[in-house]
Amino acid sequence: MAPRHLADLDPAERVAAVLELGERGFRARQLAVHYFAHLVTDPEAMTDLPKASRAQLVRALLPQLLTPVRTLSADAGATRKLVWRLHDGALVESVLMRYPSRVTMCISSQAGCGMNCPFCATGQQGLLRNLSTAEIVEQVVAGARMLRAGELGGGGGGAADGEGDTAAALRVSNVVFMGMGEALANYRRSVAAIRRLVDPAPDGLGMSARGITMSTVGLVPGIDRLAGEGLPVTLALSLHAPDDELRDSLVPINLRYPVGAALDAARRYFEATGRRVSIEYALIRDINDQAWRADLLGRELTARGAGWVHVNPIPLNPTPGSVWTASRPGVAQQFVERLRAQGIPTTVRDTRGSEIDGACGQLAATTA
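Residues numbered from 1 in each chain as written. Predicted model: local features only at pLDDT ≥ 70, side-chain atom pairs only at ≥ 80, totals over all residues. Heavy atoms only, no water.

1. Here we look at unusual backbone geometry
- In this structure, Pro202 follows Ala201 across a cis peptide bond, with omega equal to 5°.
- Even without glycine at this site, Ala76 takes up a positive phi of about 55°.
- Tracing the backbone shows Ala76 in the loop between strand 1 (67–74) and strand 2 (79–85).
- Among the residues examined, Ala76 registers a relative accessible area of 79% and is labelled exposed.
- For Asp286, which is not a glycine, the phi torsion comes out positive at approximately 65°.
- Topologically, Asp286 is positioned in the loop between strand 10 (277–283) and helix 10 (291–302). (Helix = DSSP H or I, 4+ residues; strand = E, 2+ residues; numbered from the N terminus. Buried < 20%, exposed > 50% of the residue type's maximum accessible area, 1.4 Å probe, protein only.)

If you want it as structure tokens, here you go:
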């Protein structure tokens with residue numbers, strides 16, 4: 001497992017860790033201010049700490065977790081895809097994306113993935129290991145540092161635009177657990193990471209839970225457990241087929257938690273949190289994009305009530321050499337129209353970075 005880091009610990013555990021080092025307990029809050037509020041890990045910048053203690057505190061509680069290996073840009077610099085090497089050599093991906101009204105970070109929760117979905121580059125790598133809480137959080141902090149430094153196109157880096165040194169200008173506003181891995185299969189650390197993201201500064205990054213999306217292929221026990229956490233994050237269910245016959249092959253976990261069970265759990269999540277669920281549906285040419293499947297999906301959703309769900313069809317981002325490819329535009333539009341005809345809110349999700357190995361896990365695989 002990764003070295004212990006400040007972001008792995010809650011505030012009380014941070015105090016205990018600092019005391020173990022022979023320092024006074026309030027040093028834990030000072031470290032948290034530097035990391036979560038100022039995005040700093042350089043001991044020389046921590047002038048409020050005793051000079052003799054800075055290096056020891058940073059070495060013990062702010063070790064480097066991610067080493068940048070590769071960075072590619074797209075969309076006039078508004079999208080940056082990043083490959084990180086972890087302490088044990090594993091590679092993971094993040095994507096930083098600027099939109100007109102927000103900055104979104106897509107993060108990984110595992111190195112590889114054990115769900116084995118055949119159209120997913122990450123799924124074909126298999127699972128190497130779970131990420132630690134801090135390895136998950138550090139991806140967001142790294143994105144915030146890039147934003148602060150003005151490294152993301154499509155707008156300035158906050159203070160550089162005259163906006164001042166404010167959290168709103170310099171922080172990632174939205175986080176989606178849609179990178180490598182199944183976050184609910186790394187449940188404890190993923191939820192702890194969410195808490196670090198939403199805890200008020202300086203205990204955490206102070207993000208809104210409503211700006212965080214937890215994606216899952218449909219691990220029903222994890223969905224039900226998440227519903228009881230008191231965290232109003234958005235749930236995104238990666239469905240990809242409305243019928244068990246097809247979904248068994250596209251999303252093998254369907255053999256354990258079939259379509260009906262996954263949708264029932266998603267509906268319970270809505271009832272518990274009041275947060276509308278997103279249904280993610282990768283449109284794959286001649287595989288799952290038939291009009292009758294759109295009709296079936298609409299019936300399955302409306303049978304569970306109204307106003308609880310939103311569908312995001314996603315043109316598949318194909319990987320080189322794969323037999324899987326995106327639906328034809330006309331077919332995709334018909335799929336959307338059939339859902340809307342049943343009163344299902346449907347929005348084709350924007351795809352970013354196809355020219356930079358945009359598919360999840362693809363850049364890490366080519367880098368390796």
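2. Remarks on the pairing of strand 9 (residues 234–238)
- With respect to burial, strand 9 is a largely interior element, 5 of its 5 residues being buried.
- Strand direction decides the pairing type here: strand 8 (residues 212–216) and strand 9, joined by 4 bridges, are parallel. By the bridge assignment, Met214 is partnered in strand 9 with Leu235.
- Handedness of the β-α-β unit built from strand 8, helix 7 (residues 220–227) and strand 9 comes out right-handed.
- Bridge count for strand 9 against strand 10 is 3 bridges, and the pairing is parallel. Bridging across to strand 10, Ala236 finds its partner in Ser278. (Pairing = 2+ DSSP bridges. Right-handed = clockwise from strand over helix to strand, strands pointing away.)

3. Let's talk about the side chain of Arg14
- Tracing the sequence through the fold places Arg14 in helix 1 (residues 11–20).
- Despite its burial, Arg14 pairs with no opposite charge; the closest candidate is Asp203, at 4.3 Å N-O.
- A polar side-chain atom of Arg14 sits 3.1 Å from the main-chain carbonyl oxygen of Asp203.
- Look past the residues within four positions of Arg14 in its chain and what remains in contact with it is Leu6, Leu9, Ala28, Ala32, Phe36, Arg196, Pro202 and Asp203. (Lys, Arg positive; Asp, Glu negative; His and termini not counted. Salt bridge = Lys/Arg side-chain N within 4 Å of Asp/Glu carboxyl O. Polar contact = N/O pair within 3.5 Å; in protein donor to acceptor, adjacent residues only side chain to side chain. Contact = heavy atoms within 4.5 Å.)

4. Here we look at the side chain of His5
- As for its position among the elements, His5 is in the segment before helix 1.
- Looking at His5, the relative accessible area reads 1%, which means it is buried.
- At 2.9 Å, the side chain of His5 and the backbone nitrogen of Ala7 are in polar contact.
- With residues near it in sequence (within four places) discarded, His5 still touches Tyr35, Leu61, Leu62, Pro63, Leu65 and Ala134.

5. Some points on the nonpolar core
- Ranked by size, the top nonpolar core spans 104 residues in total, and within it Val175, Phe177, Leu197, Ile212, Val233, Ile279 and Leu301 carry the most contacts.
- The contacts of Leu197, once residues within four sequence positions are left out, are Val137, Val140, Val175, Leu205, Gly206, Met207 and Ile212.
- In this structure, Val95, Met97, Cys106 and Val176 belong to the second largest nonpolar core, which totals 5 residues. (Core = buried A, V, L, I, M, F, W, Y, C linked by side-chain atoms within 4.5 Å.)

6. Here's the deal with the packing of helix 1 against helix 2 (residues 27–37)
- Relative to each other, helix 1 and helix 2 sit at 115°, their axes nearing to 8 Å. When you trace helix 1 past helix 2, the crossing you get is right-handed. Residues Arg14, Val15 and Val18 of helix 1 form the contact with helix 2, whose own contacting residues are Arg27, Ala28, Ala32 and Phe36. (Axes fitted to C-alpha atoms, helices over the stretch in contact; angles between N-to-C directions. Left-handed = near helix turned anticlockwise from the far one by under 90°.)

7. Things to note about the pairing of strand 8
- In terms of burial, strand 8 is a largely internal element, 5 of the 5 residues being buried.
- Both faces of strand 8 are covered, namely the face carrying Ile212, Met214 and Thr216 and the face carrying Thr213 and Ser215.
- Two strands pair when backbone bridges link them, and strand 7 (residues 174–177) and strand 8 are joined in this way by 3 bridges, in the parallel orientation. Directly across from Val175, in strand 8, lies its bridge partner Ile212.
- You can see the chain leave strand 7, run along helix 6 (residues 187–198) and come back into strand 8, and the turn it takes is right-handed.

8. So, helix 2
- When you tally the buried positions in helix 2, you get 8 out of 11 residues, the bulk of the element.
- For helix 2, the full list of buried residues reads Arg27, Ala28, Gln30, Leu31, Ala32, His34, Tyr35 and Phe36.
- At its buried positions, helix 2 is contacted by helix 1, helix 3 (51–61), helix 4 (133–148) and helix 6.

9. A few points about the pattern of salt bridges
- Enumeration over the complete set of coordinates arrives at 15 salt bridges.
- Residue Arg304 is joined to Asp264 by a salt bridge in which the shortest nitrogen-to-oxygen separation is 2.7 Å. Taken as a pair, Arg304 in the loop between helix 10 and strand 11 (309–315) and Asp264 in helix 9 (residues 259–273) lie far apart in primary sequence, 40 residues in all.
- When its relative accessible area of 17% is taken as the criterion, Arg304 is described as buried.
- Through salt bridges with shared partners, a single network forms among Asp88, Arg129 and Glu135.

Keep in mind that these numbers describe shape and distance, not what the molecule does.
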